[in-house]
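Results of the structural survey
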Amino acid sequence: MNGPETSESSFNRRAILKAGSATLTGMAAAGVAKAAPPPMRLIAVEEAWACPEWMDAMASVPAQGLEEDEVRAFRMLAHIGDIHARLLDMQLRQSTMDQNAVDMHVLSLTAPGVQSFDGATALRLARLTNDRLARIVADQPRRYAALASVPPQDVPGAIAEIRRARRELGLNGIIINSHTRGEYLDDRKYWPLFEAAAETGAPVYIHPRTPNPAMAPLFRDYNLWGAIYGYGAETGLHLIRLISSGLFDALPDLKVVVGHMGEGLPYWFYRIDHMHRNMVTLAKPPLRPVLKKMPSDYFRSNISITTSGVNWHQALQFADQVVGADNIMFAIDYPYERTEEAVSFIRSAPLPADKLERIAFRNAERVFGIKPAA
Ligand code: MN
């Protein structure tokens, strides 16, 4: 009677009775008749991923020349916590998501993506990793979306891959990790890439990487090259070069996304607009390209920012005021940042519920074409 008789059914009956009385007690105490609603949907849009083939290829990039800083960064990260394991391990990723009620990761190949390789290797790795990501998304469409990597060092190859990633693989956008061989995408030779993105409706995430070789030496001492400052300086410069080039006037439907609360630029809006106006209107001839709008206006029409790595309510409130809640998306920057901190930051953000919902998931659904929750 002791063993089998203590059956699951009698155990369950006791558990149900116990749970029932606890629920009644809880309802009486709270004075409500319904269970709490499920937590707000969370879509995190800048979540790094890698596969072993990419890891092996990165390990073989020579540690001198234009990729010197990136190779140093890659080797350093291999020794910090379990970052490399977490880039590869989908089980660990999903249990971290589940533990923190994160509904979805928008995955992307971690920086510097395919941009440290020669053109042919880069295109091969882009196709391989994009195929791999498409499979992950197909297997778990409620948990994952993904951005495609493309090689700017092979513009025709990149254009073909943008079209394949959108039309055949159904990926949710494109990611490019700032400079390629020290060159920025405002150079007209790269504009066909943006034309292909606009033509296929693909948002282009401009993600950081180690600073341009032309300025890298000034970031090496004090270890300023990384997320502490170098990534933001590099990527903020890249973004303001894109704006200044007139790219968004030429392609008004182009959507660009940048992380890290706009890579510092929103805090500069007043000064950038003010000096842009002076340099265009007071100087004859103008000292800057004449744009259709003020530089900061493009953050409302063409650019979205994400919260990756900036779990700071004051910065979020400021971004809400100057960029607008429609142009901000939640991101964790897994596995480089802690999921717990990012989730607690967004769930406790001092903003009205309707704005918070846009930041937490609605803008991501719109920008990346993610299916709304049922
Ligand atoms: Mn990132």
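Reading guide: rules and limits
Residues numbered from 1 in each chain as written. Predicted model: local features only at pLDDT ≥ 70, side-chain atom pairs only at ≥ 80, totals over all residues. Heavy atoms only, no water. Salt bridge = Lys/Arg side-chain N within 4 Å of Asp/Glu carboxyl O. Helix = DSSP H or I, 4+ residues; strand = E, 2+ residues; numbered from the N terminus. Buried < 20%, exposed > 50% of the residue type's maximum accessible area, 1.4 Å probe, protein only. Polar contact = N/O pair within 3.5 Å; in protein donor to acceptor, adjacent residues only side chain to side chain. 1 Å grid on protein atoms, 1.4 Å probe; cavity = no way out; pocket = protein on both sides within 12 Å on 5 of 7 lines; lining within 4 Å. Points joined across faces, edges and corners; volume = space filled by probe spheres on them. Axes fitted to C-alpha atoms, helices over the stretch in contact; angles between N-to-C directions. Parallel < 35°, antiparallel > 145°, perpendicular 65-115°, else oblique. Contact = heavy atoms within 4.5 Å. Nonpolar A, V, L, I, M, F, W, Y, C, P; charged D, E, K, R; others polar. Donors = N, O, S within 2.8 Å, 3.2 Å for Na, K, Ca; no water. Pairing = 2+ DSSP bridges. Phe/Tyr/Trp six-rings, centres within 6.5 Å; stacked < 30°, edge-to-face > 60°. Lys NZ or Arg CZ within 6 Å of the ring centre and 35° of its normal. Expected span 1.5 Å × (residues − 1). pLDDT = per-residue confidence, 0-100. Bend = angle between axes of the 7 residues up to and from the residue. Right-handed = clockwise from strand over helix to strand, strands pointing away.

The next point concerns the pattern of salt bridges. One pass over the full model with this rule turns up 23 salt bridges. The shortest N-O distance in the salt bridge between aspartate 131 and arginine 164 comes to 2.9 Å. Of this pair, aspartate 131 sits in helix H6 (residues 119-139) while arginine 164 sits in helix H7 (residues 155-167); the two residues are 33 residues apart in sequence, bridging distant segments of the chain. Exposure remark for arginine 164: the relative accessible area of 10% places this residue in the buried category. Two residues, arginine 338 and glutamate 341, come together in a salt bridge whose shortest N-O distance is 3.8 Å. Several salt bridges share partner residues, and in doing so they unite Glu67, Glu70, Arg181 and Arg209 into one network.

With that out of the way, let us pick up the side chain of threonine 96. With respect to the helices and strands, the residue threonine 96 is situated in helix H5 (residues 90-99). Polar side-chain contacts of threonine 96 include one of 3.0 Å to the side chain of arginine 86.

Turning next to empty space enclosed by the protein. A full pass over the atoms with the stated rule returns 2 cavities of 30 Å³ or more. Here the largest cavity defines a volume of roughly 40 Å³. Glu46, Glu47, Ala48, Ser108, Leu109, Thr110, Ala111, Ile175, His207, Asp333 and Tyr336 are the residues that line the largest cavity. Mapped onto the lining of the largest cavity, the elements with two or more residues apiece are strand S1 (43-49) and strand S2 (104-109).

This paragraph deals with the packing of H7 against helix H8 (residues 191-199). Here H7 crosses H8 at 10°, and the two axes come no closer than 9 Å. Classified by the angle their axes make, H7 and H8 are roughly parallel. In contact with Val155, Ala158, Ile159, Ile162, Arg163 and Arg167 of H7, H8 contributes Pro192, Leu193, Ala196, Ala197 and Glu199. Its residues assigned to classes, the contact of H7 with H8 shows 8 nonpolar, no polar and 3 charged.

What follows covers the coordination of the manganese ion. The expected angle between donors at a tetrahedral four-coordinate metal is 109.5 degrees. At an octahedral six-coordinate metal it is 90 or 180 degrees. At this site the manganese ion is bound by Glu46 (OE), His207 (NE2) and Asp333 (OD), with donor distances of 1.9 to 2.2 Å. Here the donor residues for the manganese ion map to a single chain with the spacing E-x160-H-x125-D. Of this pair, glutamate 46 sits in strand S1 while histidine 207 sits in strand S6 (residues 204-207), and the two are 161 residues apart along the sequence. This pair shows no difference in class: glutamate 46 is buried, exactly as histidine 207 is.

Here we have 3 strands laid out as an open sheet, ordered S1-S2-S3, and parallel in their pairing. With one partner strand each, in any of the chains shown, S1 and strand S3 (144-146) form the two edges of the open sheet. Averaged over neighbouring strand pairs, the angle between their axes works out to 35° when direction is ignored. As judged from the 5 bridges shared by S1 and S2, these two strands associate in the parallel manner. The partner of isoleucine 43 across the bridge, within S2, is methionine 104. Sheet strands in contact with H6 are S1, S2 and S3, and its direction is about 155° off that of S3.

Glancing now at the packing of aromatic side chains. Tallied over the entire structure, the rule returns 6 aromatic pairs. Here the aromatic rings of phenylalanine 219 and tyrosine 229 are separated by 6.3 Å at their centres, their planes lie at 25°, and the arrangement is stacked. One end of the pair, phenylalanine 219, is in helix H9 (residues 217-220); the other, tyrosine 229, is in the loop between H9 and helix H10 (230-244), with 10 residues separating them in the sequence. Look at tyrosine 229 and you get exposed, because its relative accessible area is 52%. Lying over the aromatic face of tryptophan 191, arginine 188 brings its terminal NZ or CZ to 3.9 Å of the ring centre.

Turning our attention to H6. With 21 residues, H6 extends 30 Å between its outermost C-alpha atoms, agreeing within 8% with the 30 Å of an ideal straight helix rising 1.5 Å per residue. Restricting attention to buried positions, one finds in H6 the residues Ala122, Leu125, Ala126, Thr129, Asn130, Leu133, Ala134, Ile136 and Val137. One side-chain oxygen at the N-terminal end of H6 lies 3.1 Å from the backbone nitrogen of alanine 120; it belongs to aspartate 118.

Chain-level statistics for the chain give a pLDDT mean of 92 and a share of 91% at 70 or above. At the level of individual helices and strands, the chain shows its lowest average pLDDT in helix H1 (residues 8-30), which scores 40, and its highest in S6, which scores 99. Note on residues 1-30: pLDDT under 50 across the span, and 4 contacts to partners over four residues away in sequence or across chains.

A word on helix H13 (residues 265-281). For H13, spanning 17 residues, the distance from its first C-alpha to its last is 22 Å, which sits close to the expected 24 Å at 1.5 Å a residue. The sharpest bend along H13 comes to roughly 35°, located at arginine 271. Taken as a whole, H13 has its buried residues at Leu265, Pro266, Phe269, Ile272, Asp273, His276 and Val280. The elements touched by buried residues of H13 are H10, helix H12 (260-263), helix H14 (298-301) and helix H15 (313-322).

Attention shifts here to the pairing of strand S5 (residues 174-177). Alternating residues of S5 divide into Ile174 and Ile176 and Ile175 and Asn177, and every residue in both groups is buried. Sheet topology places strand S4 (residues 148-149) next to S5; 2 bridges connect them, and they run parallel. Pairing of alanine 148 across the sheet is with isoleucine 174, part of S5. The β-α-β motif built from S4, the intervening H7 and the parallel element S5 has right-handed crossover chirality. Examined bridge by bridge, S5 and S6 share 4 bridges and lie parallel to one another. The residue of S6 that forms the bridge with isoleucine 174 is valine 204.

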